[in-house]
Amino acid sequence: MFEVRDLEACFRKNGQDYPAVTGLSYKIEHGEILGIVGESGCGKSISSLALLGLLPKNCRVTNGIMRINGEEYGDFSPENLEDLRGDDIAMIFQEPMTALNPLFTVGWQIGEAYEIHHPKATKEEVRSVTYEIMRKVGLPRVEEVFFNYPHQLSGGMRQRVVIAMALINRPEVIIADEPTTALDVTIQAQILQLLQKLNQEEGTSVILISHDLGIIREICDNVIVMYAGHVVESGNVDTIFADPQHPYTKGLIASIPSMAKKGEKLHTIRGTVPDLYLRNNGQCPFADRCDFATDCCRNSVPDMTDIGTHHVRCFLAKAASQDAVTEAAGVLPQGTEADHA
Ligand SMILES: Nc1ncnc2c1ncn2[C@@H]1O[C@H](COP(=O)(O)OP(=O)(O)OP(=O)(O)O)[C@@H](O)[C@H]1O
Ligand SMILES: [Mg+2]
């Protein structure tokens, strides 16, 4: 239903392109929740802003296509994606205050999101659709809250308003970029439950961006692990948690507090994500932080490989699966067809 293929987005500096996202591909089926996880600076936000034509001025899409219900888009310019924004793909940002205008009532702002895509709608229609969506996202006393300004609402209510704005045109896909980071823990859980409920009831596909693998595990069907602009591992959430193959994914999982045994020190991944302008693009993106890196990892970039259960970009995982193939061939008796193959 929704597909991104080989997406690359680069920042331009001194006449040179620096990829913040490269070779990103994924598919989302109707009603699926896909998680995108990775540390700060891995390219999670840029990969989504690119799809909406909302990239910073010094950044542009240099490769890739996206497909929505069979229709293909290869031009990611803001003008070309304008009609799509809000109608087919909507985005929810981390900090609700930045998405809301402090000078207008929340009801007016939710209604405006509808009017942009329904310019012929009457005032009564806009009001009634707005009330309906406000109720759907769990806002209380909607006739009253409609006339409130953003500062009169709590953070959790503001995020519900932003979700209402994103949902009012019934988009195919909602991209939620760290939608709960600015909220306290109980409100976080409520907002995640709301996204899950809307996904189930409306069949809206959700891309949930988070640095928190715990959250991803809780509500996503599939997950993409990003590191320094690359996808390093992707697949079904349960499979990735049960059988992570990339050293980066293993490190992320081991650093989730709830995964550690009581009294055990929490795992940390040494070092940080390399600066965009200082990356060595001729080696495995994770080589400098990886405890298992070999010369091969420092001299070439691994491809994304299908290892049977899911996909991994790591020479070690690849070697492991090749071992398995060799081993499997080895069990055949001498002189069988395998010898002649
Ligand atoms: N406006 C900008 N100008 C220059 N570089 C930028 C800008 N925005 C992002 N970058 C760089 O692009 C890369 C990807 O950034 P992005 O915002 O996508 O990361 P992220 O994974 O969303 O991180 P976070 O978890 O902190 O939100 C980073 O190296 C970042 O420094
Ligand atoms: Mg981000």
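The model shown is predicted, which means the values in this text are computed figures rather than measured ones.

About the cut-offs
- Residues numbered from 1 in each chain as written.
- Chains lettered and ligands numbered in written order.
- Predicted model: local features only at pLDDT ≥ 70, side-chain atom pairs only at ≥ 80, totals over all residues.
- Heavy atoms only, no water.
- Helix = DSSP H or I, 4+ residues; strand = E, 2+ residues; numbered from the N terminus.
- Expected span 1.5 Å × (residues − 1).
- Contact = heavy atoms within 4.5 Å.
- Patch = residues over 30% accessible without salt bridge, like charges linked within 9 Å, V, L, I, M, F, W, Y side chains within 5 Å.
- Areas by Shrake-Rupley, 256 points an atom, 1.4 Å probe, with all protein chains shown as cover.
- Salt bridge = Lys/Arg side-chain N within 4 Å of Asp/Glu carboxyl O.
- Lys, Arg positive; Asp, Glu negative; His and termini not counted.
- Charge placed at Lys NZ, Arg CZ, Asp CG, Glu CD.
- Buried < 20%, exposed > 50% of the residue type's maximum accessible area, 1.4 Å probe, protein only.
- Pairing = 2+ DSSP bridges.
- Axes fitted to C-alpha atoms, helices over the stretch in contact; angles between N-to-C directions.
- Phe/Tyr/Trp six-rings, centres within 6.5 Å; stacked < 30°, edge-to-face > 60°.
- Lys NZ or Arg CZ within 6 Å of the ring centre and 35° of its normal.
- Near = heavy atom within 4 Å.
- Polar contact = N/O pair within 3.5 Å; in protein donor to acceptor, adjacent residues only side chain to side chain.
- Core = buried A, V, L, I, M, F, W, Y, C linked by side-chain atoms within 4.5 Å.

## Examining helix α5 (residues 123-136)
With 14 residues, α5 extends 20 Å between its outermost C-alpha atoms, agreeing within 8% with the 20 Å of an ideal straight helix rising 1.5 Å per residue. Contact partners of the buried residues in α5: α4 (106-117), α6 (142-145) and α7 (155-167). Downstream of α5 by a residue or two, glycine 138 has a phi angle that is positive, lying close to 80°.

## Considerations on a negative patch on the surface
There is a patch of like negative charges on the surface, built from Asp75, Glu79, Glu82, Asp83 and Asp87. With respect to the secondary-structure elements, aspartate 87 resides in the loop between α2 (78-81) and β6 (89-92).

## Examining a nonpolar patch on the surface
On the surface, a nonpolar cluster with roughly 330 Å² of combined accessible area is contributed by Leu103, Phe104 and Trp108. One can find tryptophan 108 in helix α4. The class of tryptophan 108 is partly exposed, set by a relative accessible area of 39%.

## Observations regarding the pattern of salt bridges
Scanning the entire structure with this criterion turns up 14 salt bridges. Of the charged contacts, one joins glutamate 201 and lysine 197 as a salt bridge, the two residues approaching to 4.0 Å between their closest N and O atoms. On the criterion of helical spacing, the pair formed by glutamate 201 and lysine 197 is a turn pair, its members being 4 residues apart in helix α8 (residues 185-202). Judged by its relative accessible area of 32%, lysine 197 falls in the partly exposed class.

## Here we look at unusual backbone geometry
Notably, aspartate 6 is not glycine yet its phi reads approximately 55°, a positive angle. Of note, aspartate 6 is situated in strand β1 (residues 2-13). Positioned with a positive phi, glutamate 178 is a non-glycine residue whose angle comes to about 50°. For glutamate 178, the position within the fold is in the loop between β7 (173-177) and α8.

## Let's talk about the sheet that holds strand β11 (residues 305-306)
Taken together, the 8 strands give an open sheet; going across it, the order is β6-β7-β8-β3-β9-β10-β12-β11, and neighbouring strands pair in mixed fashion. Both edges of this open sheet fall to β6 and β11, since each of them pairs with a single strand only. Two strands pair when backbone bridges link them, and β11 and strand β12 (residues 311-312) are joined in this way by 2 bridges, in the antiparallel orientation. Each residue of the ladder has a partner; that of threonine 305, found in β12, is valine 312. α8 rests against β3 (33-37), β6, β7 and β8 (205-210) of the sheet, and its axis sits at about 155° to β8. Against the sheet, helix α11 (residues 247-254) contacts β3, β9 (222-227) and β10 (230-236), and its axis sits at roughly 105° relative to β9.

## Re the packing of aromatic side chains
For the structure on display, the rule yields 8 aromatic pairs. Aromatic side chains phenylalanine 2 and tyrosine 26 sit 6.4 Å apart centroid to centroid with 50° between the ring planes, which places their arrangement in the tilted category. Of this pair, phenylalanine 2 sits in strand β1 while tyrosine 26 is found in strand β2 (residues 16-28), placing the two residues 24 residues apart along the sequence. Residue class for phenylalanine 2 comes out buried when judged on its relative accessible area of 1%. Taking the ring centre of phenylalanine 146 as reference, the NZ or CZ of arginine 127 above it sits at 4.5 Å. Residue placement shows arginine 217 over the ring face of phenylalanine 241; its charged tip is 4.6 Å from the ring centre.

## Brief notes about the side chain of arginine 160
With respect to the helices, strands and loops of the structure, arginine 160 is situated in helix α7. The buried charged residue arginine 160 lacks any salt bridge partner; its closest oppositely charged side chain belongs to aspartate 184, at an N-O distance of 10 Å. Setting aside chain neighbours within four positions, we find arginine 160 in contact with Val137, Gly138, Leu139, Gln190, Ile191 and Leu194.

## Quick word on the site of ligand 1
Around ligand 1, 15 residues are found, and the nearest of them are Ser40, Gly41, Lys44, Ser45 and Ile46. At 2.8 Å, a backbone N or O of glycine 41 approaches an oxygen atom of ligand 1. Between an oxygen atom of ligand 1 and a main-chain N or O atom of glycine 43, the distance comes to 3.1 Å. In isolation ligand 1 has 630 Å² of accessible area, and contact with the protein removes 66% of it.

## So, the pairing of β2
Sheet topology note: the β1/β2 ladder contains 9 bridges and is antiparallel. By the bridge assignment for β2, cysteine 10 is matched with proline 19. The antiparallel pairing of β1 with β2 creates a hairpin that spans 2 residues between the two strands, and asparagine 14 there sits at a positive phi of about 50°.

## Side note on the nonpolar core
One finds Phe2, Tyr26 and Met66 to be the most contacted residues of the largest nonpolar core, which totals 103 residues. With 7 residues, the single largest contributor to this core is α7. Ignoring sequence-local partners within four residues, the contact set of tyrosine 26 consists of Phe2, Glu3, Val4, Leu34, Ile36, Leu51, Ile207 and Ile224.

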